[in-house]
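One-letter residues, chain by chain:
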Amino acid sequence: MYNATEQFAELNKVGVANATRLAALSIENAEKLFKLNVTAAKVAFAHGVENAQAVAGVKDVQELMALRAKVAEENVQAAVGYGRTLYALASEAQGNYTALAEEAWNAYSKNVAAIVDKASKNAPAGADAAVNAFKSTFAASTAAFDQFQRATKQVANLADASVRAAAASTAKSTKGRK
């Protein structure tokens, strides 16, 4: 016999499991970002001390101008490196979130389809139209979600290519100034 309560309880269990996985993934990504920022702060502090010592040892204006150019170059390179690493972390996180969402959606779709099939077999006479309407609506929403996923992947790939090109251009322009 069909028991709707058990089916919905199972969907809820899957939802809780997915929420737990999402929370764990979010914490993992926050830790990575925290580590990146702490490392960047340590490096920036060390460079600041090093540069302050270098400025203290300057003997003339030309040496100061050369030091200023060197420090500016190092700062641009550090910023570009930080940006690349941050972008890599964000891209990895986005990929992980996308995979989790796709997995959850696929499992949800299969579970709902199974529930609808079981419910339709136990539906009272004359409920065929309502069951078919629900199946049709669910199929349309699944198709719309799949189309949205494909479009999102295309936009993400385009943005990724644009960011990589911009980073490469920035790196080339700063190297060309040496």
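The structure this text deals with has already been given above.
Computed from a predicted model, the values in this text were never measured in an experiment.

Draft legend 1. Main features of the overall build of the chain. In terms of helices and strands, the chain carries three helices and zero strands. Along the chain, helices and strands appear, N-terminal first, in the series α-α-α. Computed over C-alpha atoms, the radius of gyration of the chain comes to 28 Å, more than 25% over the 16 Å expected from 2.2 N^0.38 for 178 residues, which places it beyond the range of a compact globule. Here the C-alpha coordinates of the chain stretch approximately 95 × 30 × 15 Å along the principal axes. Evaluated residue by residue, the chain yields a buried proportion of 16% over its 178 residues. Sequence-distant contacts in the chain: of pairs separated by 6 or more residues, those separated by 24 or more amount to 80%. Counting every atom, the chain has about 12,500 Å² of accessible surface; 64% of that belongs to carbon and sulfur.

Draft legend 2. Highlighting the layout of surface pockets. The computed volume of the largest pocket comes to approximately 310 Å³. What lines the largest pocket is a set of 15 residues, among which Gln94, Thr98, Thr152, Lys153 and Ala156 lie closest to the centre. Ranked by the residues each element gives to the lining of the largest pocket, the list is headed by helix α3 (residues 128-175), at eight residues.

Draft legend 3. Structural context of the packing of aromatic side chains. All told, the structure shown has four aromatic pairs when counted by the stated rule. Taking the centre distance of 6.4 Å and the plane angle of 10 degrees together, the rings of Phe134 and Phe138 count as stacked. Residue Phe134 and its partner Phe138 are both found in helix α3; the two are separated by four residues, about one turn of the helix. Through successive ring pairs, a cluster of aromatic residues spans Trp105, Tyr108, Phe134, Phe138 and Phe145.

Draft legend 4. Structural view of the pattern of salt bridges. All told, the structure shown has six salt bridges when counted by the stated rule. Between Glu103 and Arg21 there is a salt bridge, with its nearest N and O atoms 2.8 Å apart. On the criterion of sequence distance, the pair formed by Glu103 in helix α2 (residues 61-121) and Arg21 in helix α1 (residues 4-56) is long-range, its members being 82 residues apart. Judged by relative accessible area, Arg21 falls into the partly exposed class, the value being 35%. Linking Glu92 and Lys32 is a salt bridge whose minimum nitrogen-to-oxygen distance equals 2.7 Å.

Draft legend 5. Geometry of a nonpolar patch on the surface. On the surface, a cluster of nonpolar side chains totalling about 340 Å² of accessible area is made up of Val55, Val61, Leu64 and Met65. With respect to the helices, strands and loops of the structure, Met65 is situated in helix α2.

Draft legend 6. Fine view of the nonpolar core. Residues Leu11, Val112, Ile115, Val116, Val131 and Phe138 constitute the largest nonpolar core, which totals six residues. For this core, the secondary-structure elements that each account for two or more residues are α2 and α3. If you tally residues by element for this core, the top one is α2, at three residues.

Basis of the calculations
- Residues numbered from 1 in each chain as written.
- Predicted model: local features only at pLDDT ≥ 70, side-chain atom pairs only at ≥ 80, totals over all residues.
- Heavy atoms only, no water.
- Helix = DSSP H or I, 4+ residues; strand = E, 2+ residues; numbered from the N terminus.
- Rg over C-alpha atoms; globule rule 2.2 N^0.38 Å.
- Buried < 20%, exposed > 50% of the residue type's maximum accessible area, 1.4 Å probe, protein only.
- Contact = heavy atoms within 4.5 Å.
- Areas by Shrake-Rupley, 256 points an atom, 1.4 Å probe, with all protein chains shown as cover.
- 1 Å grid on protein atoms, 1.4 Å probe; cavity = no way out; pocket = protein on both sides within 12 Å on 5 of 7 lines; lining within 4 Å.
- Points joined across faces, edges and corners; volume = space filled by probe spheres on them.
- Phe/Tyr/Trp six-rings, centres within 6.5 Å; stacked < 30°, edge-to-face > 60°.
- Salt bridge = Lys/Arg side-chain N within 4 Å of Asp/Glu carboxyl O.
- Patch = residues over 30% accessible without salt bridge, like charges linked within 9 Å, V, L, I, M, F, W, Y side chains within 5 Å.
- Core = buried A, V, L, I, M, F, W, Y, C linked by side-chain atoms within 4.5 Å.

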